[in-house]
Amino acid sequence: MLPARKVTPAGATAERLLWTLASLTTLVALWSLAAAISDSRHLPGPAKVLEVLGQEAASGALWSNMSITLFRVACAFILAMLIGTVIGIFVGSYRRADQFFDSWLVLFLNLPALVIIALSYVWLGTTELTAIFAVAVNKIPNVAVQMREGARQLSRDLSEMAGVYNFGPWKTLRHVTLPQLAPFAAAAARSGLALVWKIVLVVEALGGHATGVGHQIHAAFGNYDVPTILAYALAFIVVIQIVEFGVLQPLQARVNRWRR
Amino acid sequence: MAPITETATENSVRITVKRKTFPAIGGRDENTVLRDVSFEVGPREFVVLTGPSGCGKSTLLNIVAGLDQDYEGHIDLGPGTPRMIFIFQTPRLLPWRTIRENLMLSLPDGDRRQDNVDAILDRVGLTEAKNAYPERTSLGMQRRAALARGFIQEPDILLMDEPFVSLDDPTAQDLRELLVDLWNSRPTTVLFVTHDRHEAVMLGTRILRLAPGSASIVADETVRLTPSDRTSRDKVQAELKRIFEGPDVGVS
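Residues numbered from 1 in each chain as written. Chains lettered and ligands numbered in written order. Predicted model: local features only at pLDDT ≥ 70, side-chain atom pairs only at ≥ 80, totals over all residues. Heavy atoms only, no water.

**Comments concerning the pattern of salt bridges**
Note on pairing: side chains with opposite charge can pair once their charged atoms come close. Evaluated as defined, the whole model comprises 26 salt bridges over all chains. Of the charged contacts, one joins R72(A) and E128(A) as a salt bridge, the two residues approaching to 2.5 Å between their closest N and O atoms. Residue R72(A) is located in helix α3 (residues 61-93), and its partner E128(A) is located in helix α6 (residues 128-152); the two are separated by 56 residues in the primary sequence. Note that E40(B) and R14(B) form a salt bridge whose closest N and O atoms lie 3.4 Å from each other. Remark: R14(B) occurs in strand β1 (residues 13-22) and E40(B) occurs in strand β2 (residues 31-41); sequence separation between them is 26 residues. Its relative accessible area of 41% is what places R14(B) among the partly exposed residues. Here the salt bridges share partners, and the residues they tie into one network are D98(A), D102(A), R148(A), E149(A) and R152(A). (Salt bridge = Lys/Arg side-chain N within 4 Å of Asp/Glu carboxyl O. Helix = DSSP H or I, 4+ residues; strand = E, 2+ residues; numbered from the N terminus. Buried < 20%, exposed > 50% of the residue type's maximum accessible area, 1.4 Å probe, protein only.)

Right, dumping it as structure tokens:
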């Protein structure tokens with residue numbers, strides 16, 4: 001896992017944007033073409049999907065469903081990052097703990113998301129907290145594994161230095177330990193967001209929640225309403241990409257800004 | 001400007017290492033690196049420990065610093081709890097903090113010594129670079145910062161492990177002169193490890209030589225140089241000859 005990503009100069013950014021634009025345009029063109037030659041009920045074209053998106057936005061359904069789902073994403077994401085980080089640092093710092101808990105982590109890493117979701121609803125009932133819990137549990141092992149790698153690579157040289165200069169536990173954590181873990185946390189956050197938002201829709205669909213993007217897609221699926229499914233998917237992809245480029249990538253650049 | 005005002009205390013260090021071994025690992029036999037090494041570093045003495053690579057100099061320094069506690073013997077730092085600072089072989093600055101932040105962090109928040117940070121950075125020639133991240137400066141500058149971080153502590157006992165290794169010669173010489181200057185303005189008890197004889201004579205008031213193998217001290221010499229002699233290459237060379245001439249002198 002390579003957490004480092006250097007900030008690219010302006011020229012390279014412009015060129016990359018151009019490629020992205022060309023690539024997306026091609027995708028939309030291919031989509032239109034496929035929609036034109038196939039049954040338009042099962043594969044609506046971009047225009048139809050945008051029209052449905054506009055209707056959903058106008059009725060307010062888009063905003064209310066998106067916001068409730070984003071709220072669940074945010075809660076599950078924060079919970080998973082916190083718990084996963086604590087577990088990861090713990091097993092990464094103590095060799096014995098790592099040996100003992102390694103098989104647990106492997107087990108949870110390989111437990112299918114559907115099993116965790118189903119068991120959560122069976123054991124905890126259909127509540128808001130269950131949805132958040134089920135999503136978080138799916139993500140925790142990934143965060144823990146990435147943070148464990150970070151904790152294993154903590155510099156002994158720097159911790160000796162912190163000892164000689166009497167840093168004490170709080171200063172050591174803040175200025176020596178956490179900056180070393182930050183690139184790993186940033187990488188875990190980026191891969192985590194991608195995983196969490198996909199799982200949250202499954203949780204919403206299976207849990208019988210009356211709200212959320214997952215619920216809307218589930219309901220649309222019952223009616224073979226493909227345009228609505230695609231409209232919500234599109235809206236969600238846009239929002240997640242905004243978070244990725246607007247928050248996570250700048251954050252990652254910031255924690256790596258001291259690198260040569 | 002001389003920001004360093006507090007006079008050093010009269011701490012001495014008594015070192016007695018009966019035996020230090022590294023356990024057998026990966027097919028290598030158990031290795032005894034130090035045996036019956038015993039000496040005292042007097043108050044405000046600048047003692048240089050020399051010897052070939054692998055003779056146990058750095059191991060001994062780690063023991064004195066308390067970083068290695070797996071040995072037979074004891075280290076006596078005298079009464080009270082003297083401030084002991086270790087300047088490492090690598091600069092060991094926090095790469096995600098600027099040079100100035102590194103110095104500030106090495107002191108407790110609100111400590112009066114924090115007021116001296118800018119002055120000492122100026123003195124070691126880092127005024128321009130003080131707000132740079134360490135890895136964006138040269139190794140020479142990082143070593144200057146590490147020296148400044150050590151001296152700003154106003155230590156009672158200062159341990160240094162080849163702090164000028166892997167620098168080009170002019171840069172290393174500049175830093176040695178800087179160290180002489182810093183030490184003269186606030187003499188403190190120093191134990192300095194190097195394999196470089198010129199460096200040993202230029203810096204030390206006393207030189208201890210360790211023999212290779214299961215190391216013990218084979219020579220204990222006082223350096224007869226005045227502070228101003230130390231910046232003269234010829235005088236250092238002459239003293240080097242006097243100290244290291246003898247039947248047991250190997251290649252330098």
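**Some thoughts on the packing of helix α4 (residues 95-110) of chain A against α6(A)**
All names here are of chain A. Across the interface, α4 lies against α6 with an axial gap of 9 Å and an inter-helix angle of 145°. Where α4 crosses over α6, the handedness of that crossing is left-handed. From α4, D98, D102, L105, F108 and L109 reach across to α6, where they touch P141, N142, A144, V145, R148 and R152. Across the contact of α4 with α6, the residue classes tally to 6 nonpolar, 1 polar and 4 charged. (Axes fitted to C-alpha atoms, helices over the stretch in contact; angles between N-to-C directions. Left-handed = near helix turned anticlockwise from the far one by under 90°. Contact = heavy atoms within 4.5 Å. Nonpolar A, V, L, I, M, F, W, Y, C, P; charged D, E, K, R; others polar.)

**A look at the sheet that holds β2(B)**
Residues and elements named next belong to chain B. Spatial strand order, β2-β1-β4: 3 strands in an open sheet with antiparallel pairing. Both edges of this open sheet fall to β2 and β4 (72-76), since each of them pairs with a single strand only. The average undirected angle you get between the axes of adjacent strands in this sheet is 15°. Where β1 meets β4, 5 bridges bridge the pair, whose relative direction is antiparallel. Looking at β4, one finds that R14 is bridged to D76. Here helix α1 (residues 57-65) sits on the sheet and contacts β1, β2 and β4; the angle it forms with β1, its principal contact strand, is near 120°. (Pairing = 2+ DSSP bridges.)

**Considering the sheet that holds strand β8 (residues 206-210) of chain B**
Residues and elements named next belong to chain B. Overall, mixed pairing links the 6 strands, which are arranged β5-β6-β7-β3-β8-β9 in an open sheet. Bordering the open sheet on either side are β5 (84-87) and β9 (217-222), each of which pairs with just one other strand. Shown here is a sheet whose adjacent strand axes are inclined to one another by a mean of 15°, direction ignored. Where β8 and β9 come together, 5 bridges link them in antiparallel fashion. Looking at the pairing, I207 lines up with E221 of β9. The strands touched by helix α4 (residues 139-151) within the sheet are β5 and β6 (157-161), with β5 carrying the most contacts at an inclination of about 175°.

**A closer look at the packing of aromatic side chains**
Scanning all chains against the criterion turns up 11 aromatic pairs over all chains. Ring centres of F46(B) and W183(B) lie 5.4 Å apart, and the angle between their planes is 80°; this geometry places the pair in the edge-to-face category. Highlighted residues: F46(B) in strand β3 (residues 46-50) and W183(B) in helix α5 (residues 169-185), separated in sequence by 137 residues. The class for F46(B) is buried, based on a relative accessible area of 1%. The exposure class of W183(B) is buried, given its relative accessible area of 12%. Ring plane angle 45° and centroid distance 6.3 Å describe the contact between F164(B) and F192(B), whose orientation is recorded as tilted. Here F164(B), found in the loop between β6 and α5, pairs with F192(B), found in strand β7 (residues 189-193); they are 28 residues apart in sequence, far enough to count as distant. Of the aromatic side chains, those joined through ring pairs into one cluster are F90(A), Y94(A), F100(A), F101(A) and W104(A). The lysine or arginine in question, K171(A), covers the ring of F167(A), its NZ or CZ lying 5.3 Å from the ring centre. Across from the ring centre of F88(B), 3.9 Å away, lies the NZ or CZ of R92(B), which sits over that ring. (Phe/Tyr/Trp six-rings, centres within 6.5 Å; stacked < 30°, edge-to-face > 60°. Lys NZ or Arg CZ within 6 Å of the ring centre and 35° of its normal.)

**Let's talk about unusual backbone geometry**
All names here are of chain B. For D36, which is not glycine, the phi dihedral falls at a positive 50°. Here D36 lies in strand β2. Classification of D36 by relative accessible area gives exposed; the value is 55%. At S166, a position not held by glycine, the phi torsion is positive, near 60°. Tracing the sequence through the fold places S166 in the loop between β6 and α5.

**Considering empty space enclosed by the protein**
All names here are of chain B. In total, this model carries 1 cavity of 30 Å³ or more according to the counting rule given. Size it by volume and the largest cavity reaches roughly 40 Å³. What lines the largest cavity is simply I87, F88, T90, P91, R143, A146, L147, P163 and F164. Of all the elements, α4 adds the most residues to the lining of the largest cavity, at 3 residues. Of the residues belonging to the lining of the largest cavity, the class tally is 7 nonpolar, 1 polar and 1 charged. (1 Å grid on protein atoms, 1.4 Å probe; cavity = no way out; pocket = protein on both sides within 12 Å on 5 of 7 lines; lining within 4 Å. Points joined across faces, edges and corners; volume = space filled by probe spheres on them.)

**A look at the interface of chain A and chain B**
With 17 residues of chain A in contact, the opposing surface of chain B contributes 23 residues. Contact between chain A and chain B buries roughly 2,000 Å² in total, counting both sides, with carbon and sulfur atoms accounting for 60%. It is V164(A), Y165(A) and W258(A) that lose the most area in chain A upon contact with chain B, and together they represent 37% of the buried surface on that side. Our enumeration of links across chain A and chain B arrives at 2 salt bridges. D157(A) is paired through a salt bridge with R92(B); the nearest N and O atoms lie 3.5 Å apart. The interface formed by chain A and chain B includes 9 residue pairs in polar contact (both at pLDDT 80 or more). Listed by contribution, the elements that provide at least two residues to the side of chain A that touches chain B are α7 (156-164) and α8 (168-206) of chain A. For the side of chain A that touches chain B, the element with the most residues is α8(A), which contributes 6 residues. (Buried area = accessible area lost by both parts, 1.4 Å probe. Polar contact = N/O pair within 3.5 Å; in protein donor to acceptor, adjacent residues only side chain to side chain.)

The values are spatial; any link to function lies outside them.
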